[in-house]
Amino acid sequence: LFMAAASVVQAEKVSMTLPSGLLVNAEYSSANPTQPTLLILHGFLQTREFQATKNIIDGLADMDYDVLGPSLSLGIGNRRKSLSCEALHMHTLDNDLEELDLWVDWLLQNGHPSVVLIGHSWGGQHALAYVEKYPERPIAGVMAVSLVRSRQDEATLAAQDARAEARLKAGESEPDSYALNFCKKYTGPPQSYLSYAEWTDSKVVAAVKAAQPSVHVILGGDDRRIDSAWVTALENAGAKVTMIDGADHFFPLSTNSI
């Protein structure tokens, strides 16, 4: 489905202005508009230039697919660098999804009748959350590469959620630190943390089961962030799961093809 190799594709840089006034940017390659367009989503706090994501974008463009790879703003105009966990995160998952919907709309307005969402790592959660929120959009399929499970145990998440929900109910919006995904100290107000923390393992599995487009999960056999129970849960939810022997979470350049 994509080649993880060095690319010589000449892509177009595109940008648009959000209703908030923020400028956002993406990389766009058009070769065959008769096929569904592939919209590539980067991992948590990353950009489209993150190597694993860039490999997917470049490889699929090399194979003459129409590809759009945006960098979500995360509240920062024309963002081109990954954010640290300790940075102040005022964005929410809903902000991300609304922004993603504008990119889907951009594709539809530019003559692309259907879209396949491809997310690397937490980009898979973004894709699943998007089809849940916007079921009317013409999404032909969801592909989650290295679909990551929660890095925190249930007790930790429950305690953090209770603290954040209590602060939110009390009208407190000051930033606090939480363990979230790979972050030991994700810094933001409670609404930012809760919007992402909601996507627990059980939530992901339920979203896969409920998704109207087909869901294809591609996992690396050497990815230490997953286990056999995760694979079984995804398969039982109806996902097609493909394991790539020798690949880790980031699908290195030595991986010839998927």
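Here the structure is shown first, and the text comes after it.
My aim in this report is to walk through the structure given alongside it, one point at a time.

Procedures and definitions
- Residues numbered from 1 in each chain as written.
- Predicted model: local features only at pLDDT ≥ 70, side-chain atom pairs only at ≥ 80, totals over all residues.
- Heavy atoms only, no water.
- Phe/Tyr/Trp six-rings, centres within 6.5 Å; stacked < 30°, edge-to-face > 60°.
- Helix = DSSP H or I, 4+ residues; strand = E, 2+ residues; numbered from the N terminus.
- Buried < 20%, exposed > 50% of the residue type's maximum accessible area, 1.4 Å probe, protein only.
- Lys NZ or Arg CZ within 6 Å of the ring centre and 35° of its normal.
- Salt bridge = Lys/Arg side-chain N within 4 Å of Asp/Glu carboxyl O.
- Pairing = 2+ DSSP bridges.
- Right-handed = clockwise from strand over helix to strand, strands pointing away.

### Remarks on the packing of aromatic side chains
Remark: the centre distance and the inter-plane angle together describe each pair of aromatic rings, the angle taken between the planes.
Then comes step 1: In this structure the tally under the stated criterion is eleven aromatic pairs.
Then comes step 2: Here Phe44 and Tyr196 contribute two aromatic rings whose centre-to-centre distance is 5.5 Å and whose plane-to-plane angle is 80°, an arrangement assigned as edge-to-face. Linking Phe44 in the loop between β3 (37-41) and α1 (51-62) with Tyr196 in helix α5 (residues 190-197), this pair joins segments that are 152 residues apart in sequence. As far as the burial class goes, Phe44 and Tyr196 line up, both buried.
Then comes step 3: Residue placement shows Lys203 over the ring face of Trp199; its charged tip is 4.9 Å from the ring centre.

### Here we look at the pattern of salt bridges
Then comes step 1: Under the criterion given, the structure shown has 15 salt bridges.
Then comes step 2: Its salt-bridge partner being Arg48, residue Glu49 comes within 3.8 Å of it at the nearest N-O pair.
Then comes step 3: Accessibility expressed as a relative area gives 37% for Glu49, which makes it partly exposed.
Then comes step 4: Residue Arg48 is classed as buried on the basis of its relative accessible area, which comes to 3%.
Then comes step 5: With its nearest N and O atoms 3.2 Å apart, the salt bridge here joins Glu172 to Arg167.

### Things to note about the pairing of β3
Then comes step 1: Taken across its five residues, β3 has five buried, putting it largely inside the fold.
Then comes step 2: Burial along β3 is two-sided: Thr37, Leu39 and Leu41 facing one way and Leu38 and Ile40 facing the other are all buried.
Then comes step 3: Where β3 lies against strand β5 (residues 115-120), five bridges are found, and the strand directions are parallel. Bridging from a neighbouring strand, Leu39 pairs with Leu117 of β5.
Then comes step 4: Sheet topology note: the β3/strand β4 (residues 67-71) ladder contains two bridges and is parallel. Across the sheet, residue Leu38 finds its bridge partner in β4, namely Val67.
Then comes step 5: A crossover connection joins β3 to the parallel β4 through α1; in handedness this β-α-β unit is right-handed.

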